[in-house]
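# Reading the structure
Each chain is listed here by its residues.
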Amino acid sequence: MALKLDMSKAFDKVEWGCLHDIMLKMGFNTKWVNLMMLCVTSVTYSIRINGEPRGHITPTRCLRQGDPISLFLLLFCAEGLSALLNQASRSGAIHGVAACPRGPQISHLFFADDSIIFCRATSVDCTHLQHILETYEQASSQQLNHDKTTLFFSKNRTLEVGKEILIKAVAQAIPTYTMSVFKLPDSLYDEMTSMGWHLQSNTRSLVHRVLKACYFPDRDYIHAELGRTPSYAWRSIMAAQDVVGAGHRWSNESIDHLLRECEIAQKFWQELQIPYCLRDSFKLRIGEWLELNCKARMSSKFMGILWKLLFLMGVWQLWLHWNNFVFWTELWALRDGLNLARELRLNNLIIELDALSVVILMNNDSKNLLMKPLLTDCKNLLKAIPNK
């Protein structure tokens with residue numbers, strides 16, 4: 001079952017002592033906690049009578065509504081309820097629900113001042129849940145609004161389940177039709193890409209653990225498949241898989257290619273005469289390869305220099321070579337783009353450069369004789385464009 005909580009006058013009934021203790025328990029510095037409590041306890045009220053403020057009321061509880069910090073402090077109070085629910089879930093007093101048999105059990109979800117609690121529809125779980133809520137109410141002075149609190153059951157409700165499936169089917173079809181007919185804003189696609197990237201990089205998050213159990217239990221996100229009956233949320237996240245995969249390959253595989261797999265790198269390491277006992281290390285993962293060679297104690301055949309020193313110098317030279325290549329490529333691309341803009345008679349341009357060193361050179365003079373003609377061409381082309 002699911003219980004959607006509604007707290008009566010949540011801001012008005014926050015106990016200052018409870019808020020203070022929770023922030024200390026969460027590990028905040030004492031000076032910071034005292035500063036926050038000074039902001040909370042310095043409030044006073046007056047009553048307007050016939051248009052004039054009268055009286056001087058000093059409260060002993062509550063948070064000021066409308067204050068930007070009040071919502072965050074209310075979330076701190078909710079951490080007390082979250083801690084009680086987590087403790088009960090770990091001890092087996094209550095049992096959460098899972099999106100699939102292999103997925104993690106979820107006992108509660110909090111978003112701002114909305115709370116949803118999941119547990120089994122048994123008298124034992126309900127008794128423990130009632131005791132948790134009573135403990136939280138006594139400690140924080142929060143009071144459950146029984147009239148607005150909603151209870152949902154998942155079993156023995158065939159009519160409601162049928163309605164829910166119908167509503168979900170219609171709701172999921174609407175965005176699909178919209179995406180096939182209308183051009184959605186680029187910001188929406190950026191958000192999808194961001195969700196996919198967080199799903200690939202933040203593997204400890206609850207969202208990642210739930211989706212992994214449902215859709216890609218034996219692989220990572222960039223190698224996941226859509227599946228037979230995907231939800232609309234999963235289809236949306238999968239729409240950004242190619243973009244996230246390309247970024248992931250650049251951040252990992254391109255570095256591996258740069259240092260070991262490209263033709264320049266392979267010839268470079270052969271000329272340095274890799275020690276025989278370390279040749280197999282070039283088949284390891286990039287991190288293991290770097291660690292093993294940086295810790296090697298043997299001498300190299302190249303002038304008897306320690307291999308780990310020679311290895312580090314080699315990695316640095318390959319990296320400099322790559323940066324130099326990117327630098328020249330950026331300048332060539334800038335010149336070609338400016339020539340194209342001149343031929344098309346474009347008078348308004350927005351120019352973005354990824355290499356900071358190129359930006360610095362464009363604003364200064366270079367003493368490099370090989371680079372000066374190319375740099376001069378770029379500067380002259382920029383001067384010919386009125387608005388840039």
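Report follows, based on the coordinates. (Residues numbered from 1 in each chain as written. Predicted model: local features only at pLDDT ≥ 70, side-chain atom pairs only at ≥ 80, totals over all residues. Heavy atoms only, no water.)

Attention now moves to the environment of Gln-105. Following the sequence through the fold, Gln-105 ends up in the loop between helix H3 (68-91) and strand E5 (108-111). Between the alpha carbons of Gln-105 and Phe-118 there is a distance of 9.2 Å; along the sequence they are 13 residues apart. Setting aside its immediate chain neighbours within four residues, Gln-105 contacts His-95, Gly-96 and Val-97. (Helix = DSSP H or I, 4+ residues; strand = E, 2+ residues; numbered from the N terminus. Contact = heavy atoms within 4.5 Å.)

This part takes up the packing of helix H1 (residues 16-25) against helix H2 (residues 30-41). For the pair H1 and H2, interaxial distance at closest approach is 10 Å and the crossing angle is 155 degrees. Put simply, H1 runs roughly antiparallel to H2. With respect to the hand of their crossing, H1 and H2 are arranged in right-handed fashion. Contacts from Trp-16, Leu-19, His-20, Met-23 and Leu-24 in H1 reach Thr-30, Trp-32, Val-33, Asn-34, Met-36, Met-37, Val-40 and Thr-41 in H2. Classifying every residue of the contact of H1 with H2 gives nine nonpolar, four polar and no charged. (Axes fitted to C-alpha atoms, helices over the stretch in contact; angles between N-to-C directions. Parallel < 35°, antiparallel > 145°, perpendicular 65-115°, else oblique. Left-handed = near helix turned anticlockwise from the far one by under 90°. Nonpolar A, V, L, I, M, F, W, Y, C, P; charged D, E, K, R; others polar.)

A complete count under the given rule lists two cavities of 30 Å³ or more for this structure. For the largest cavity, the calculated volume is near 70 Å³. Contributing to the lining of the largest cavity are Met-36, Cys-39, Val-40, Val-43, Cys-62, Leu-63, Arg-64, Asp-67, Ile-69, Ser-70 and Leu-73. Counting residues per element, the ones that place at least two in the lining of the largest cavity are H2 and H3. (1 Å grid on protein atoms, 1.4 Å probe; cavity = no way out; pocket = protein on both sides within 12 Å on 5 of 7 lines; lining within 4 Å. Points joined across faces, edges and corners; volume = space filled by probe spheres on them.)

For the pair H1 and H3, interaxial distance at closest approach is 9 Å and the crossing angle is 75 degrees. Regarding the angle of H1 to H3, the classification is roughly perpendicular. Contacts from Leu-19, Ile-22 and Met-23 of H1 reach H3 at Leu-73, Phe-76, Cys-77, Glu-79 and Gly-80. Counted by class, the contact of H1 with H3 contains six nonpolar, one polar and one charged residues.

Here we come to the packing of aromatic side chains. The relation between two aromatic rings is expressed through the spacing of the ring centres and the mutual angle of the planes. The full count for this structure, using the stated rule, is twelve aromatic pairs. A centroid spacing of 5.2 Å and a plane angle of 65 degrees characterise the contact between Phe-282 and Trp-289, whose relative ring orientation is edge-to-face. Taken as a pair, Phe-282 and Trp-289 share a single burial class, namely buried. In textbook terms, an aromatic cluster arises when at least three aromatic residues are bridged by ring pairs, as seen for Phe-268, Trp-269, Phe-282, Trp-289, Trp-307 and Phe-311. (Phe/Tyr/Trp six-rings, centres within 6.5 Å; stacked < 30°, edge-to-face > 60°. Buried < 20%, exposed > 50% of the residue type's maximum accessible area, 1.4 Å probe, protein only.)

Further remarks concern the nonpolar core. Across soluble globular proteins, you tend to see nonpolar side chains buried next to one another. Counting 32 residues, the largest nonpolar core has Leu-5, Leu-19, Met-23, Leu-63, Leu-129 and Leu-133 as the members making the most contacts within it. Sorting the residues of this core by element identifies strand E1 (2-5), H1, H2, H3 and helix H4 (123-140) as the ones contributing at least two each. Counting residues per element, this core draws most heavily on H3, at seven residues. Among residues more than four places away in sequence, those in contact with Leu-129 are Met-1, Leu-3, Leu-85, Ile-94, Ile-117 and Cys-119. (Core = buried A, V, L, I, M, F, W, Y, C linked by side-chain atoms within 4.5 Å.)

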